[in-house]
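Coordinate analysis (summary)
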Amino acid sequence: MEIREADHKDFPVLVMLTEIEGWNYTEEDFNWFSRVGGKTLVATNMGEIVGMGTIFDYGNVGWISNILVKPRERGHGIGAEILTECVRRLYDKSTVALFSYERSADFYEANGFRLDLEAHLVSLKSGDAIGGRVEVLVGAEVEASMLRMDQECFGYERRRVIKGMAERGIVLKPRGWDGFAIVRKDPVEPSVGPVISEKGTGHELLLVSLEAAGPNAKAVVLEEGIEFLIYEERIRRLYFGAPLKIDRSRAVAFAGLELG
Ligand SMILES: CC(C)(COP(=O)(O)OP(=O)(O)OC[C@H]1O[C@@H](n2cnc3c(N)ncnc32)[C@H](O)[C@@H]1OP(=O)(O)O)[C@@H](O)C(=O)NCCC(=O)NCCS
């Protein structure tokens, strides 16, 4: 088996592979990962793609996502080999981290990753009117203070990713408060994140953002029991190396399952 960097000719196959898992990727998503500094790796057997993974460089932190093995090739160590290669390519980071669905967490733990925290994939309950006292400025520019907040809250240094997300989405900013949310009004996979806001305003900014993203928009949140939300699935953040940072007083939602 060979593991190499994917190029654009591989993207149609990767879209087909991820479709089986219901991940809703398009070829443009893989192009976008490259544009914001992500590297997608593919595992091939006699030239056929049998698995994949994507890595991101967030300064001191390396982020791994999209680990996937073709269904009929599972259980033969391919996933472990891809994961090992992703970690190897992030050798200079003090921490390598990822999100896992609960059902796959044992796979990562068997490969040396440790549980950092539990998060939750959520959507907005329909029909509820969200009253609010936070006035939101729509379409804000990404400012240095937002990038600093992102780094302070999550420990990641990921200017390109945040700017790239803002370019393909909308930035909401609570007027008079420190904070921001990125909203992606995608017709297939609307989402919200990251959401960071000063104490007392975070939930409201999250709810307004989910409403703005459109029906069935999802976010990955830290807290349990937030009113107006449907908790769909538990997510685990796992890490390898030094423990990760999180500022729970301001961080409300992560950037998404792929981006941490
Ligand atoms: C998770 C996944 C990548 C593992 O790939 P794989 O090639 O089957 O994994 P490996 O053969 O390297 O398995 C390594 C070990 O993890 C275990 N394992 C594999 N998949 C597992 C799972 N879903 N849950 C628990 N343990 C798992 C294997 O039993 C094996 O343990 P062993 O060496 O003690 O026997 C693969 O099941 C997959 O593509 N799943 C669907 C996509 C997905 O959910 N990806 C993760 C996103 S969070």
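Above this text sits the structure in question.
**Regarding the pattern of salt bridges**
Applying the stated criterion to the full structure yields 28 salt bridges. The shortest N-O distance in the salt bridge between Lys-70 and Glu-48 comes to 2.4 Å. With Lys-70 in the loop between β4 (61-69) and α3 (78-89) and Glu-48 in strand β3 (residues 48-58), the pair connects residues that are 22 residues apart, well separated along the chain. For Glu-48, a relative accessible area of 30% corresponds to the partly exposed category. One salt-bridge network, held together by shared partners, links Glu-102, Glu-118, Glu-224, Arg-234 and Arg-236.

**Considering the packing of helix α2 (residues 27-35) against helix α6 (residues 159-168)**
Running from N to C, α2 and α6 cross one another at 140 degrees; their axes reach a closest spacing of 10 Å. The angle between α2 and α6 falls in the class oblique. Of the residues in α6, those touching α2 at Asp-29, Trp-32, Ser-34 and Arg-35 are Arg-160, Val-161, Gly-164, Met-165 and Arg-168.

**A word on the site of the ligand**
Around the ligand, a shell composed of 20 residues is seen, among which Ile-67, Val-69, Gly-75, Gly-77 and Gly-79 lie nearest. Within the backbone of Ile-67, an N or O atom sits 2.8 Å from a nitrogen atom of the ligand. One nitrogen or oxygen atom from the main chain of Arg-103 is found 3.2 Å from a nitrogen atom belonging to the ligand. When the ligand is considered free in solution it has 880 Å² of accessible area, and contact with the protein chains removes 67% of it. Elements supplying a minimum of two residues to the shell around the ligand: β4, α3, β5 (95-101) and α4 (105-110). Taken together, the residues of the shell around the ligand break down into 10 nonpolar, 6 polar and 4 charged.

**Describing the pairing of β4**
Judged by how many residues are buried, β4 sits mostly within the fold: 9 of 9 residues are covered. In terms of strand pairing, β3 meets β4 through 7 bridges, oriented antiparallel. The partner of Ile-55 across the bridge, within β4, is Ile-64. Where β3 hands over to β4, the hairpin turn is made up of 2 residues, of which Gly-59 adopts a positive phi near 70 degrees. Summarising the sheet, β4 and β5 pair through 4 bridges and their orientation is parallel. Note that in β5 the partner of Ile-64 across the bridge is Leu-98. Chirality of the crossover, the property in question, places the unit of β4, α3 and β5 among those that are right-handed.

**Points about the nonpolar core**
By size, the foremost hydrophobic cluster in this structure holds 49 residues, and its most contacted members are Leu-14, Phe-30, Phe-56, Tyr-58, Phe-254 and Leu-259. In terms of residues, this core owes the most to one element, helix α5 (residues 144-154), which gives 5 residues. No fewer than three residues from each of domain 1 (2-93) and domain 2 (121-233 + 241-253) sit in this core. The residues contacting Leu-14, other than those within four sequence positions of it, are Ala-6, Phe-30, Thr-40, Val-42, Ile-49 and Met-52. Membership of the second largest hydrophobic core comes to 22 residues, among which are Val-134, Leu-210, Ala-213 and Leu-229.

**Quick look at the environment of Lys-163**
When you line up the elements, Lys-163 lands in helix α6. Each C-alpha atom of the pair Lys-163 and Ser-249 lies 24 Å from the other, and the pair is 86 residues apart in sequence. Apart from residues lying up to four places away in sequence, Lys-163 is in contact with Val-142 and Leu-147.

**Re the environment of Asp-186**
Relative to the helices and strands, Asp-186 is located in the loop between β9 (179-184) and β10 (191-197). Separated by 18 residues in the primary sequence, Asp-186 and Glu-204 place their C-alpha atoms 21 Å from one another. Within the structure, Asp-186 has its side chain in polar contact with the backbone nitrogen of Val-188 (distance 2.9 Å).

Reading guide: rules and limits
Residues numbered from 1 in each chain as written. Predicted model: local features only at pLDDT ≥ 70, side-chain atom pairs only at ≥ 80, totals over all residues. Heavy atoms only, no water. Salt bridge = Lys/Arg side-chain N within 4 Å of Asp/Glu carboxyl O. Helix = DSSP H or I, 4+ residues; strand = E, 2+ residues; numbered from the N terminus. Buried < 20%, exposed > 50% of the residue type's maximum accessible area, 1.4 Å probe, protein only. Axes fitted to C-alpha atoms, helices over the stretch in contact; angles between N-to-C directions. Parallel < 35°, antiparallel > 145°, perpendicular 65-115°, else oblique. Contact = heavy atoms within 4.5 Å. Near = heavy atom within 4 Å. Polar contact = N/O pair within 3.5 Å; in protein donor to acceptor, adjacent residues only side chain to side chain. Areas by Shrake-Rupley, 256 points an atom, 1.4 Å probe, with all protein chains shown as cover. Nonpolar A, V, L, I, M, F, W, Y, C, P; charged D, E, K, R; others polar. Pairing = 2+ DSSP bridges. Right-handed = clockwise from strand over helix to strand, strands pointing away. Core = buried A, V, L, I, M, F, W, Y, C linked by side-chain atoms within 4.5 Å. Domains from an automatic or database assignment.

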